[in-house]
Amino acid sequence: MNKNETRASGGRLSRIKLSDQITEDIRRRISREGLHPGDRLPNERSLMEYYGCSKGTIREALKALEVEGLLRMVSGPNGGPEVQAASIDIVTQQLRRYLHFQKLDFAQVYELRETLEVVLARNVTPRLTEEHLARLEQNIANCDAANAAQDRERVRALETEFHDILCEASDNVMLIFMCRFLNSMLRDLVSYRSEAMPEHEDFGEHNVDAHRQLLAAFRARDADAAARLMGEHMACAASFMGKLDASFHMDRMLSR
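Predicted, not measured: the structure shown is a model, and the values here were computed from it.

Rules of the game
Residues numbered from 1 in each chain as written. Predicted model: local features only at pLDDT ≥ 70, side-chain atom pairs only at ≥ 80, totals over all residues. Heavy atoms only, no water. Helix = DSSP H or I, 4+ residues; strand = E, 2+ residues; numbered from the N terminus. Contact = heavy atoms within 4.5 Å. Areas by Shrake-Rupley, 256 points an atom, 1.4 Å probe, with all protein chains shown as cover. Buried < 20%, exposed > 50% of the residue type's maximum accessible area, 1.4 Å probe, protein only. Axes fitted to C-alpha atoms, helices over the stretch in contact; angles between N-to-C directions. Parallel < 35°, antiparallel > 145°, perpendicular 65-115°, else oblique. Nonpolar A, V, L, I, M, F, W, Y, C, P; charged D, E, K, R; others polar. Disulfide = S-S within 2.5 Å. Core = buried A, V, L, I, M, F, W, Y, C linked by side-chain atoms within 4.5 Å. Polar contact = N/O pair within 3.5 Å; in protein donor to acceptor, adjacent residues only side chain to side chain.

Student: Talk me through the overall build of the protein; I want residue IDs and the actual numbers.
Tutor: When helices and strands are tallied, the protein shows 10 helices and 6 strands. Partitioning the intrachain contacts of the protein with sequence separation of at least 6 by distance along the chain shows that 72% fall at a separation of at least 24. Only carbon and sulfur atoms are counted for the fraction: they give 50% of the accessible area of the protein, which is about 14,000 Å².

In structure tokens form, the structure reads like this:
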């Protein structure tokens, strides 16, 4: 089989677009040459000459990499394609699109969270700075105020923000990505069918109390206590989700 062909449904061969081949080759070039954010690629004319193709084909390839977040186009006389660090938001958007077509429930999400957040708590305990701790404390105060104002949407956003702050202190890239992804799903793609305010108040009070206990363990640099408290917190949160009859807004995944 020609390297520029792939097998389509029904056994037919389909030719890979030239722009897609160039996109893949540029990805490999960035990796092969060890390029970093801020490094420039050759301009459009140089790329056209190198690949022996039209301006439209090169622009299509560069646009695909720009959409992925791997490049940005710098304007001006000395402009051109510039390497940039892929945003976690762009990556998670692609994963949301994949999950739109999958059967997803909270048991699956919390099966991961109950493990990953415990690992995260242990990982960050010795790494949290005074600035992190101050932000966690302020987050708890803000969450308490939002609970008092019965601002349910803000409460839920602040609760996941607490865990995002923990991610900032971690040194494990994979752990950060997975925890941030789950947090973003819970923050953006969740609805709560229960309208009973007492149930939401109980959930909010639990989260504030759990976060206060976690903060105390973090300040004491007690990784064992932090891991234990996080495990209890995740188990309770999973239980509350069931009581609130929570559901994913799957229709929003493709629109983001």
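So, next bit.
Student: Outline the environment of Ile-165, listing residues and values.
Tutor: With respect to the secondary-structure elements, Ile-165 resides in helix H7 (residues 152-169). Under the relative-accessibility criterion, Ile-165 is labelled buried at 4%. Other than its neighbours up to four places away in sequence, Ile-165 contacts His-132, Arg-135, Leu-136 and Asn-139.

Student: Just give me the short version of the packing of helix H1 (residues 18-32) against helix H2 (residues 44-51), but keep the residues and values in it.
Tutor: Close contact between H1 and H2 brings their axes to 13 Å; oriented N to C, the two are set at 110°. Accordingly, the angle class assigned to the pair H1 and H2 is roughly perpendicular. In this structure, H1 contributes Ile-22, Asp-25, Ile-26 and Arg-29 to the contact, and H2 contributes Leu-47, Tyr-50 and Tyr-51. For the contact of H1 with H2, the class distribution of residues is 5 nonpolar, no polar and 2 charged.

Student: Talk me through the state of the cysteines; I want residue IDs and the actual numbers.
Tutor: Scanning all chains against the criterion turns up 0 disulfides. Not part of a disulfide, Cys-167 finds its nearest cysteine sulfur in Cys-179, a span of 4.8 Å.

Student: Any details on the nonpolar core? Residues and values, ideally.
Tutor: Residues Tyr-110, Leu-120, Val-124, Leu-128, Leu-136, Leu-166 and Phe-218 are the most contacted members of the largest nonpolar core, which totals 41 residues. Contributions of two or more residues to this core are made by helix H5 (106-124), helix H6 (130-148), H7, helix H8 (173-188), helix H9 (197-219) and helix H10 (223-243). Top contributing element to this core by residue count: H10, with 8 residues. Among all residues touching Tyr-110, those that are not within four sequence positions of it are Leu-186, Met-234, Ala-237, Ala-238 and Met-241. Grouped together as the second largest cluster of nonpolar side chains are 14 residues, Ile-22, Ile-30, Leu-35 and Tyr-51 included.

Student: Tell me what's going on with the side chain of Glu-82, and back it up with residues and numbers.
Tutor: Assignment of secondary structure puts Glu-82 in strand S4 (residues 80-83). The exposure class assigned to Glu-82 is buried, which follows from its relative accessible area of 11%. At 3.1 Å, the side chain of Glu-82 and the side chain of Arg-40 are in polar contact. Once residues within four sequence positions are removed from consideration, Glu-82 is found in contact with Gly-38, Asp-39, Arg-40, Leu-70, Leu-71, Arg-72 and Val-74.

These figures come from the coordinates and say nothing about function on their own.
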